[in-house]
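Below, each chain spelled out in residue letters.
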Amino acid sequence: MTPTTCPNSTDLRIDGDRLWADLMALAAIGSYDDEATGLVGVNRQSLTDEDRAGRELLISWMEELGLEVTIDEMGTIFGRREGLEPELAPVLVGSHIDTVATAGAFDGCLGVLGGLAVIRAFAEAGLQPRRPIVVAAWTEEEGVRFGTDMLGSAVAAGRLSLDYAYGLTDETGARFGDELRRIGFKGERPVHIDPPHAYLECHIEQGPVLAQEDRVIGIVTGVQSISWQKVTLHGRAAHAGTTPTELRIDAGLAAAQIIVEVRRMVDSGAYGRLRATVGRIETSPGLPSVVPDRAEITVDLRNPDDEHMARAEADLAAFLERLPDSQPGLRVEAAQMARTKAVPFSEAVQDTLETAAKERGYDSIRLMSGAGHDAQEMAAIAPAAMVFVRGQHHGISHNPREYSTPEDCRAGVEVLASAVKELSS
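Definitions and limits used
Residues numbered from 1 in each chain as written. Predicted model: local features only at pLDDT ≥ 70, side-chain atom pairs only at ≥ 80, totals over all residues. Heavy atoms only, no water. 1 Å grid on protein atoms, 1.4 Å probe; cavity = no way out; pocket = protein on both sides within 12 Å on 5 of 7 lines; lining within 4 Å. Points joined across faces, edges and corners; volume = space filled by probe spheres on them. Helix = DSSP H or I, 4+ residues; strand = E, 2+ residues; numbered from the N terminus. Nonpolar A, V, L, I, M, F, W, Y, C, P; charged D, E, K, R; others polar. Salt bridge = Lys/Arg side-chain N within 4 Å of Asp/Glu carboxyl O. Buried < 20%, exposed > 50% of the residue type's maximum accessible area, 1.4 Å probe, protein only. Expected span 1.5 Å × (residues − 1). Arc of directions from axis to C-beta. Contact = heavy atoms within 4.5 Å. Disulfide = S-S within 2.5 Å. Polar contact = N/O pair within 3.5 Å; in protein donor to acceptor, adjacent residues only side chain to side chain. Pairing = 2+ DSSP bridges. Axes fitted to C-alpha atoms, helices over the stretch in contact; angles between N-to-C directions.

**Examining empty space enclosed by the protein**
Item 1. In total, this model carries one cavity of 30 Å³ or more according to the counting rule given.
Item 2. Surrounding the largest cavity, Ser 46, Asp 51, Arg 55, Ile 77, His 96, Ile 97, Asp 98, Ala 137, Trp 138, Thr 139 and Glu 140 form its lining.
Item 3. Of all the secondary-structure elements, those providing two or more residues to the lining of the largest cavity are α2 (49–64) and β6 (133–138).
Item 4. In terms of residue class, the lining of the largest cavity is built from four nonpolar, three polar and four charged.

In C-alpha cells:
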C-alpha cells in the first residue's frame, strides 16, 4: 500500500471489537476461578509458563501486523513499524502483560494491546508517518514474583543493572536470569535502550477518581514516590496458655504495632499526602496456640513529595529501632525491596494527549498516578506521559472485579492513536 498522510487524527479508527477480543484472549491465559468473587481472574506472573504462553500469543499478533519483533536481554518484547525516515528516534508505546496472582484482564494489557490497535489503525488508514512506531511489552512490571517492580524498563533506562535483575530470586529461590532462559525469552537485543522521541502509555486508572468525576479520560501528570520494605521480626515461640504475657517475645504483636504506627503516620498529616499499606503478613509457626517466633510484613509507602517521603521513611526506621524497647529480646530486620522517586511527566506530551482527547470529543482531567508504571522509568530518558481509562467498581484493580467497559477502553486507545499520530508525523 502506498504511504499516505492523514489529514486528521480522528480518521484513525480503532477497531474496538478486535481490541476487546484480544484483551479477552490474553486474559484466558492464566485464568482461574476466584472463590472470593465468583469471577474468573488471571494469574500470569512474570517468567512463568503462563507468561511464556502470553508472550507467544503477543508475538503472533505482532507478526500478523508485519512488525519487526526483537527481544532484549531482559525478555522485553518490541514490535517495530517502520517510518518514512527510519533513522529518526521512534515513538515508543508500551506497558506490560505480566500480572499479580489475583489480576483482572486490563492492568498493563490494555496498554500493550492498545498499542497494537494503534498500529492496526495506521495500517488500515494507509498511514506511514516519518518516525517509526514501536510497541513494547516490558518484563516484570508488577514486581510480585521477584520483588522489584518496573524491572524491565528500569534496566532498559539504566536505573538498575542487568546483573542485579538476573540475581533476583522468587520465594522458591528460582533466579530471574535462570527463569528467563527457561521460558526461552532471554533475547539478544542489548537491554539499554536508545532514547525514543517520546513515550506513551495507556492504562486503566486503578482508582476511583475518573468515575467520581464522570470522566472517561485522565491525563497523567506524573507518578508519586514509592517505597517498599520487607520487615522481619524475630521473637521467641512460647505456649499460648502457659507463658505469662510479660515473659513473651511476640513477633506477631510487633507486626501489629508497626501496622498501627504506619496508619498513625498517615492520619497525623505530618507527611503530606502519605499513603501506607501493609499488604502481606505472615507469622510462624502459624498455630493458634503458639506465640509467633517470627513475623514478616511488607510496608508500602507512597507520597507525591520526595521530601515528605524521605521524612516518613526516616521516622519509620526510627520506630523500628525503638520497637525492641517494648519487648526486650525482639530482633528487627528491615530490607528495602524497591524505591523510586516522584516522577513528573512531560508537559508537552500531556498537552498532546489533552488535545487528542478534545479532538475525539472526550472531556479529560489531569491527575497524578498513585501506582507505579513503566512510563516513570522511560521519563528519565525521554518525554513521557500517560492516558488513564476509567475503571468500574471504584476503579478496583489487582482483583478479578477489575473492569473497564469496551467503550472506555476504545476511547483511551483512540486518544493514544491521535497522540501517536501527532508525535510521529
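Alright, that's what it looks like, and here's the rest.
**Here's the deal with the pattern of salt bridges**
Item 1. This structure, assessed with the given rule, holds 29 salt bridges.
Item 2. The closest approach of N and O atoms between Arg 120 and Asp 22, which form a salt bridge, is 3.9 Å. Remark: Asp 22 occurs in helix α1 (residues 16–27) and Arg 120 occurs in helix α3 (residues 109–125); sequence separation between them is 98 residues. The residues Arg 120 and Asp 22 share a single accessibility class, namely buried.
Item 3. A salt bridge links Asp 49 to Arg 52; its shortest N-O distance comes to 2.9 Å. Of the two residues, Asp 49 and Arg 52 are both situated in helix α2; the distance of three residues between them amounts to about one turn of the helix.
Item 4. The class for Asp 49 is partly exposed, based on a relative accessible area of 40%.
Item 5. Judged by its relative accessible area of 24%, Arg 52 is partly exposed.
Item 6. Connected through salt bridges with shared partners, the residues Asp 49, Arg 52, Arg 145, Asp 170, Glu 179 and Arg 182 form a single ionic network.

**So, α1**
Item 1. Here α1 contains 12 residues, and its C-alpha end-to-end distance of 16 Å stays within 8% of the 16 Å for a straight helix at 1.5 Å per residue.
Item 2. Every buried residue of α1 is accounted for by Gly 16, Leu 19, Trp 20, Asp 22, Leu 23, Leu 26 and Ala 27. Taken around the axis of α1, the buried residues stretch over an arc of 160 degrees, which confines them to a single face.
Item 3. Here the buried face of α1 lies against β1 (31–33), β2 (40–42), α2, α3 and α12 (406–424).

**Here's the deal with unusual backbone geometry**
Item 1. A cis amide bond links Ser 284 to the next residue, Pro 285, at an omega of 5 degrees.
Item 2. Here Glu 140, not a glycine, exhibits a phi torsion of approximately 50 degrees, which is positive.
Item 3. Here Glu 140 shows up in the loop between β6 and α4 (151–157).

**Here we look at the state of the cysteines**
Item 1. The full count for this structure, using the stated rule, is zero disulfides.
Item 2. Here Cys 109 stays unpaired: no disulfide links it, and the sulfur of Cys 409, its closest cysteine neighbor, is 11 Å away.
Item 3. A relative accessible area of 4% places Cys 109 in the buried class.
Item 4. Unpaired in terms of disulfides, Cys 202 finds its nearest cysteine sulfur in Cys 409, a separation of 7.8 Å.

**So, the side chain of Arg 390**
Item 1. Tracing the sequence through the fold places Arg 390 in the loop between β17 (384–389) and α12.
Item 2. A distance of 2.9 Å separates a polar atom in the side chain of Arg 390 from a polar atom in the side chain of Asp 408.
Item 3. Here Arg 390 is in contact with Leu 210, Ala 211, Asp 214, Arg 215, Val 216, Ser 404 and Asp 408, once residues within four sequence places are set aside.

**Structural notes on the sheet that holds strand β14 (residues 331–340)**
Item 1. Spatial strand order, β11-β13-β9-β14: four strands in an open sheet with antiparallel pairing. The open sheet has two edge strands with one neighbour each: β11 (275–284) and β14. Ignoring strand direction, the axes of neighbouring strands in this sheet form an average angle of 15 degrees.
Item 2. As judged from the nine bridges shared by strand β9 (residues 225–234) and β14, these two strands associate in the antiparallel manner.

**Examining the environment of Thr 169**
Item 1. Looking at where Thr 169 falls in the secondary structure, it is placed in the loop between α5 (162–167) and α6 (176–182).
Item 2. Along the sequence, Thr 169 and Asp 315 sit 146 residues apart, while their C-alpha atoms lie 29 Å from each other.
Item 3. Setting aside residues up to four positions removed in sequence, Thr 169 forms contacts with Arg 145, Phe 146, Ala 174 and Arg 175.

**With respect to the pairing of strand β3 (residues 68–71)**
Item 1. In this structure, β3 lies alongside strand β4 (residues 77–81), joined through four bridges in antiparallel fashion. Bridged to Glu 68 within β4 is Arg 80.
Item 2. Linkage of β3 to β4, two consecutive antiparallel strands, is achieved through a turn of five residues, within which Gly 75 is found at a positive phi near 85 degrees.

**A look at the environment of Gly 111**
Item 1. Structurally, the position occupied by Gly 111 is in helix α3.
Item 2. In this structure, the C-alpha to C-alpha distance between Gly 111 and Glu 205, residues 94 residues apart in sequence, is 12 Å.
Item 3. Once residues within four sequence positions are removed from consideration, Gly 111 is found in contact with Val 93, Ser 95 and Cys 202.

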